[in-house]
Amino acid sequence: ALAIAAWGSFIAGTISIAGLMLVGVPLANAALSFGPPEYFSLMCAGLIVVAFLVQGSMLKAMMMALVGLLIGSVGLDLVTGLPRFTYGIDELTDGIGIGPIAMGLFGIGEVLVNLEQGQEGREVFKTKIDRLWPSLKDWKASIGAIGRGSVIGFFLGILPGGGAVLASFVSYGAEKKLSRHPERFGTGEIQGVAGPESANNAGTGGSLIPLFSLGIPATPTMALLFSMFLIHGIQPGPLFIKTHPDVFWGLVASLYLGNVLLLILNLPLIGIWVKVLKIPYRILFPLIILFCLIGTYSLNNSTVDLFAMILFCIVGYLIRKFGYEGPPLILAVLLGPILEQALRQSLLISKGSFMIFLTRPISAVTLIIAGLLLLSTFFPYMKKRLVEYRALKEA
């Protein structure tokens, strides 16, 4: 798994850099046709993906997505600038960060679930790591996922708000739907590793396109890079490549070098990462909790973030107990502010008419595809109910 993740990241990163060089400017111009209605439709389609991420009930997944949208609305109102759902806590005016939520749900929450299950009889599978190159069977199973993940990550990375996280979720959902054995996902299926890891890296190359071609940072990381360019008197935009070719090609060369170093560092160290599993749970679990606490506090040096993480670790424990899943909630928290901003901007443009989402071709097509995806998840349920009804009627 770790080896195919490293190779998939390397291949996807190389493809995205080549795409940045070859089609960066045309794709950036195409991205200009995306206005608020198109972004709203795209975010809706992204949330529909939660239907394909779950192992259990799709209804529960949609409930978690709605909870995530509510959490994402905490902070300052995007139009009026007034605080909402902050309850007088000044630190919440910037919203609840994704760090405390993720560390609470997937860090400490996971520790609590494992502690309840008990550690008796658990041991690390002892084997010798004799090869780092995936077998021919592994490549045959994952090469398609790597290719699809590269394309998905690259194109979603171009759109502001898309980025690597959305690309990973969409890639996982696509691989699960295309697989002949979707029930295996979540148990170590190699396509579920290769696709998202590739999409994650490819999204980085795609997010550089709007920065260099339009001067628009698509992600917080790109915004930081944008500010560094400005500090050095370099203005990213349509004339960036022409006026600063040395900076552009130097950055491309560094990205290639970074991909190669990523592979060189990851593969030999796989044996070391595996040895982490041999640490006794009585030592490993307290360390996980400690690192989560330190990491959460270091984000903003805020105790409110610590309380938020503790709250979400309880939430993470409870949702696992009652058969809910965390990824839909995380995805909705990430996309919620972008979706709300696009919705309100669209309604301001149309003077309150929702028809703007259907009269714009790209928006209408995206919503239709999202609706069909949503309906496709209900067809098996409806077919099962119909068979039961006919059996009952005959009886």
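Definitions and cut-offs
- Residues numbered from 1 in each chain as written.
- Predicted model: local features only at pLDDT ≥ 70, side-chain atom pairs only at ≥ 80, totals over all residues.
- Heavy atoms only, no water.
- Patch = residues over 30% accessible without salt bridge, like charges linked within 9 Å, V, L, I, M, F, W, Y side chains within 5 Å.
- Areas by Shrake-Rupley, 256 points an atom, 1.4 Å probe, with all protein chains shown as cover.
- Salt bridge = Lys/Arg side-chain N within 4 Å of Asp/Glu carboxyl O.
- Helix = DSSP H or I, 4+ residues; strand = E, 2+ residues; numbered from the N terminus.
- Buried < 20%, exposed > 50% of the residue type's maximum accessible area, 1.4 Å probe, protein only.
- Expected span 1.5 Å × (residues − 1).
- Axes fitted to C-alpha atoms, helices over the stretch in contact; angles between N-to-C directions.
- Parallel < 35°, antiparallel > 145°, perpendicular 65-115°, else oblique.
- Contact = heavy atoms within 4.5 Å.
- Nonpolar A, V, L, I, M, F, W, Y, C, P; charged D, E, K, R; others polar.
- Phe/Tyr/Trp six-rings, centres within 6.5 Å; stacked < 30°, edge-to-face > 60°.

Caption draft 1: How the structure looks around a nonpolar patch on the surface. Side chains of I368, L372, L375, F378, F379 and M382 sit close together on the surface and give an oily, nonpolar patch of about 630 Å² of accessible area. As for its position among the elements, I368 is in helix α17 (residues 361–394). In this structure I368 comes out as exposed when scored by relative accessible area, which is 52%.

Caption draft 2: Representation of helix α2 (residues 36–48) within the structure. Across its 13 residues, α2 extends 18 Å between first and last C-alpha, which sits within 8% of the 18 Å expected from 1.5 Å per residue. Where α2 is concerned, the buried positions are P36, P37, E38, Y39, F40, S41, L42, M43, A45, G46, L47 and I48.

Caption draft 3: Inspection of the packing of helix α5 (residues 98–117) against helix α15 (residues 327–349) at higher detail. Contact geometry for α5 and α15: axes closest at 11 Å, N-to-C directions at 180 degrees. Relative to α15, the element α5 is oriented roughly antiparallel. Counted together, I98, I101, A102, L105 and F106 of α5 and P327, L329, I330, V333 and L334 of α15 form the full contact between these two elements. Partitioning the contact of α5 with α15 into residue classes produces 10 nonpolar, no polar and no charged.

Caption draft 4: Representation of the packing of aromatic side chains. Inspection of the entire model under this criterion finds 6 aromatic pairs. Note on W7 and F10: the rings are 6.4 Å apart at their centroids and 85 degrees apart in plane angle, and the pair reads as edge-to-face. Taken together, the residues span about one helical turn, with W7 and F10 both in helix α1 (residues 2–31) at a distance of 3 residues. On the basis of relative accessibility, which here comes to 13%, the residue W7 falls in the buried class. These aromatic residues form a ring-pair network of at least three members: W7, F10 and W139.

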